[in-house]
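One letter stands for each residue in the lines below.
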Amino acid sequence: FRERTAQHDALLIIDDRVDIALAVDADGVHLGQSDLPISAACAIAPDLLIGASTHNLEEALTAQDAGASYVNIGGIKLHNIRQVLERGTRHVAVVTAVTAADDVRAAATALRKQILQAR
């Protein structure tokens, strides 16, 4: 995945595992509420983007205070990605918009096209 993301000028964010993110020279790691604390991840891997899954404003603010590079915005799909980007979002993370699609490649391609057009 690192080779492919590098070929397409895309970020590689590893879910949950700082050690794997470091081992594969990923751009970042995304941590959930029960994963390694954000402050610890920042200390271990200060050059990585550190993302946080949050479920409410309190969790988002706590993640921000702990040093998170970003907090997740759930529900990003093809129909609303342009709105997200137009509001100043620098990086977009999607999961089900691709993984739940009937055609994963087509879904990823369509999302990437929208991102590139918004730049």
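Each chain carries its own residue numbering, running from 1 in the written order of its sequence. Residues qualify for local features only when their pLDDT is at least 70, as the model is predicted, and side-chain atom pairs are given and counted only at 80 or more; totals for whole chains, interfaces and linings, by contrast, use all residues. In computing side-chain values, all of the structure's heavy atoms are included and hydrogens and water are not.

## Some thoughts on the side chain of His30
Piece 1. Mapped onto the secondary structure, His30 falls in strand S2 (residues 28-31).
Piece 2. Only protein chains enter the accessibility calculation, which uses a 1.4 Å probe; a residue whose area is less than 20% of its type maximum is buried, one above 50% is exposed, and one in between is partly exposed. According to the relative accessible area criterion, His30 is buried, its value standing at 13%.
Piece 3. Each polar contact in these results corresponds to two N or O atoms within 3.5 Å; when the atoms are within protein, one needs to be able to donate a hydrogen and the other to accept it, and residues that are neighboring in sequence are counted only if both atoms are side-chain atoms. Here the side chain of His30 touches Tyr70 through a polar contact of 2.9 Å, side chain to side chain.
Piece 4. Ignoring anything within four residues of it in the chain, the contact list for His30 reads Ile13, Ile14, Asp15, Asp16, Asp35, Gly51, Ala52, Ser53, Tyr70 and Asn72. Numbering of helices and strands starts at the N terminus; helices are DSSP runs of H or I of at least 4 residues and strands are runs of E of at least 2. Working rule for contacts: check all heavy atoms of both residues, and any pair within 4.5 Å makes them a contact.

## Let's talk about the confidence of the model for the chain
Piece 1. Each residue gets a pLDDT score, which is the predictor's confidence in that residue and runs from 0 to 100. For the chain, the average pLDDT comes to 93, and 100% of its residues sit at 70 or higher.
Piece 2. Looking across the chain, the model is least confident in helix H5 (residues 81-86), with a mean pLDDT of 89, and most confident in helix H2 (residues 18-23), with 98.

## Digging into helix H7 (residues 104-118)
Piece 1. In a regular helix each residue adds 1.5 Å, so 15 residues correspond to 21 Å; H7 covers 21 Å between its end C-alpha atoms and thus fits that length.
Piece 2. Turning to H7, its buried residues are Ala107, Leu111 and Gln114. Seen from one end, H7 has its buried residues packed into an arc of 60°, which puts them on one side. Among the exposed residues of H7, those pointing more than 90 degrees away from its buried face are Arg105 and Lys113. The span one expects for a helix is its residue count, reduced by one, times 1.5 Å. What the arc describes is the spread of directions from the helix axis to the C-beta atoms.

## Digging into the sheet that holds S2
Piece 1. Note on pairing: two strands pair once DSSP finds at least 2 bridges between them. Within the open sheet, the 4 strands sit side by side as S1-S2-S3-S4. Their pairing is parallel. Only two strands of the sheet have a single partner each, and these edge strands are strand S1 (13-15) and strand S4 (70-71).
Piece 2. In the sheet, S2 pairs with strand S3 (residues 49-52) via 4 bridges, with the strands oriented parallel. Bridge pairing in S3 places Val29 opposite Ile50.

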